[in-house]
Amino acid sequence: GESEAAAISVEMSMGTRFYRAQQDIQLCVPDVTVETALEGAQDGRVRAGDIVVYQICVKNSGDAPQDMELTLTLPEDVALEQTPAGFALSGRALRGNVLAEAAAQGQPFEQMIRVPVRVADTALDGDADAIRLMSGVLTADGERVALPRMQVCGAKISARMLADKQNLKA
C-alpha cells in the first residue's frame, strides 16, 4: 500500500457514562525500487580485459525506511575489481544489506552502489564466433531485478593460403 493519514476513533460506554476519543495517526510504508545500469559498455558491448561498472540504484519514495538484502551473482569469466562498502564476496555471489531511508520533504531517498568488474582476458577463448553474451543475476530481498547483459566481442580473424598460379611445374 501507500503511506496515508488516518484517524482512530474509540467509543466506550460504562453504565450511564459515554466516552469518545479520536487520535490522528500517520501510516508509513516504504516504497522501494531498484534500478540497474552498466557503465563503460558501448551499447552493452565490451572487450575481453575491459573494466565495466554495474550501477545499482536503490530508491525509496515511501515514508518509512526499509532494510533490504542485495545479492549480485557475477557472470562466469567476470571478476570483482573492488568490493563495495558493506558487501562481501562469497564464491561468485556479492551480498550486502542496504538501508533505504525514508523519503524526506517529498524527495525520494536514493543510494547508488557501484560494482566495478573486469572481464577476463580469456573470456573468448575457444569461441569461434568471437562473441559471447554474459549475464549476472541480481536479487533484492529475494525478488529478481533485471540486470543489463554484456556482450563480449573480439576480432574474428581467419587466414588461408592462396596460390599465385593454378598449376605448378617441376
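Structural data are supplied above this passage.
Now for a quick tour of the structure. (Residues numbered from 1 in each chain as written. Predicted model: local features only at pLDDT ≥ 70, side-chain atom pairs only at ≥ 80, totals over all residues. Heavy atoms only, no water.)

1. Remarks on the nonpolar core
At step 1: Grouped together as the largest cluster of nonpolar side chains are 31 residues, with contacts concentrated most on Tyr-54, Val-115 and Met-150.
At step 2: For this core, the secondary-structure elements that each account for two or more residues are β3 (32–39), β5 (51–60), β6 (66–73), β7 (78–80), β9 (93–100), β10 (109–119), β12 (137–140) and β14 (150–153).
At step 3: Setting aside residues up to four positions removed in sequence, Met-150 forms contacts with Leu-38, Gly-44, Val-46, Val-52, Tyr-54, Val-78, Val-119, Arg-132, Leu-133 and Met-134. (Core = buried A, V, L, I, M, F, W, Y, C linked by side-chain atoms within 4.5 Å. Buried < 20%, exposed > 50% of the residue type's maximum accessible area, 1.4 Å probe, protein only. Helix = DSSP H or I, 4+ residues; strand = E, 2+ residues; numbered from the N terminus. Contact = heavy atoms within 4.5 Å.)

2. Re a negative patch on the surface
At step 1: On the surface, a cluster of negative charge is contributed by Asp-67, Glu-69, Asp-141 and Glu-143.
At step 2: With respect to the helices and strands, Asp-67 occurs in strand β6. (Patch = residues over 30% accessible without salt bridge, like charges linked within 9 Å, V, L, I, M, F, W, Y side chains within 5 Å. Areas by Shrake-Rupley, 256 points an atom, 1.4 Å probe, with all protein chains shown as cover. Salt bridge = Lys/Arg side-chain N within 4 Å of Asp/Glu carboxyl O. Lys, Arg positive; Asp, Glu negative; His and termini not counted. Charge placed at Lys NZ, Arg CZ, Asp CG, Glu CD.)

3. Quick look at the pattern of salt bridges
At step 1: Summed over all chains, the structure comprises 5 salt bridges.
At step 2: When the shortest N-O distance is used, the salt bridge between Arg-114 and Glu-39 registers 2.9 Å. Of the two residues, Arg-114 sits in strand β10 while Glu-39 sits in strand β3, which places them 75 residues apart along the sequence.
At step 3: Residue classification places Glu-39 among the partly exposed positions, given a relative accessible area of 33%.
At step 4: In this structure, the salt-bridge partner of Arg-118 is Glu-81, at a minimum N-O distance of 3.2 Å. Of this pair, Arg-118 sits in strand β10 while Glu-81 is found in the loop between β7 and β8 (87–90), placing the two residues 37 residues apart along the sequence.

4. Things to note about the sheet that holds strand β4 (residues 45–46)
The strands making up a sheet associate through backbone hydrogen bonding, with each pair oriented either parallel or antiparallel.
At step 1: The 3 strands lie next to each other as β4-β14-β11, forming an open sheet whose pairing is mixed. Looking along the sheet, the strands with just one partner apiece sit at the ends: β4 and β11 (131–134).
At step 2: Of the pairings in the sheet, the one linking β11 to β14 comprises 4 bridges and is antiparallel in character. Directly across from Leu-133, in β14, lies its bridge partner Gln-151. (Pairing = 2+ DSSP bridges.)

5. Regarding unusual backbone geometry
At step 1: The phi torsion at Asp-43 lies on the positive side, around 55 degrees, for a residue other than glycine.
At step 2: Turning to its location among the elements, Asp-43 is positioned in the loop between β3 and β4.
At step 3: We classify Asp-43 as exposed; its relative accessible area is 81%.
At step 4: Within the chain, Asp-77 stands out as a residue other than glycine whose phi angle is a positive 65 degrees.
At step 5: Along the chain, Asp-77 turns up in the loop between β6 and β7.

6. Examining the sheet that holds β6
At step 1: Taken in spatial order, the 5 strands line up as β8-β9-β6-β12-β13 in an open sheet, and their pairing is antiparallel. Each edge of the open sheet is held by one strand with a lone partner, namely β8 and β13 (143–145). Across the sheet, the mean angle from the axis of one strand to that of its neighbour is 25 degrees, orientation sign disregarded.
At step 2: Pairing of β8 with β9 involves 4 bridges; the strand directions are antiparallel. Bridge pairing in β9 places Leu-89 opposite Leu-94. (Axes fitted to C-alpha atoms, helices over the stretch in contact; angles between N-to-C directions.)

Interpretation in functional terms is not warranted from these geometric data alone.
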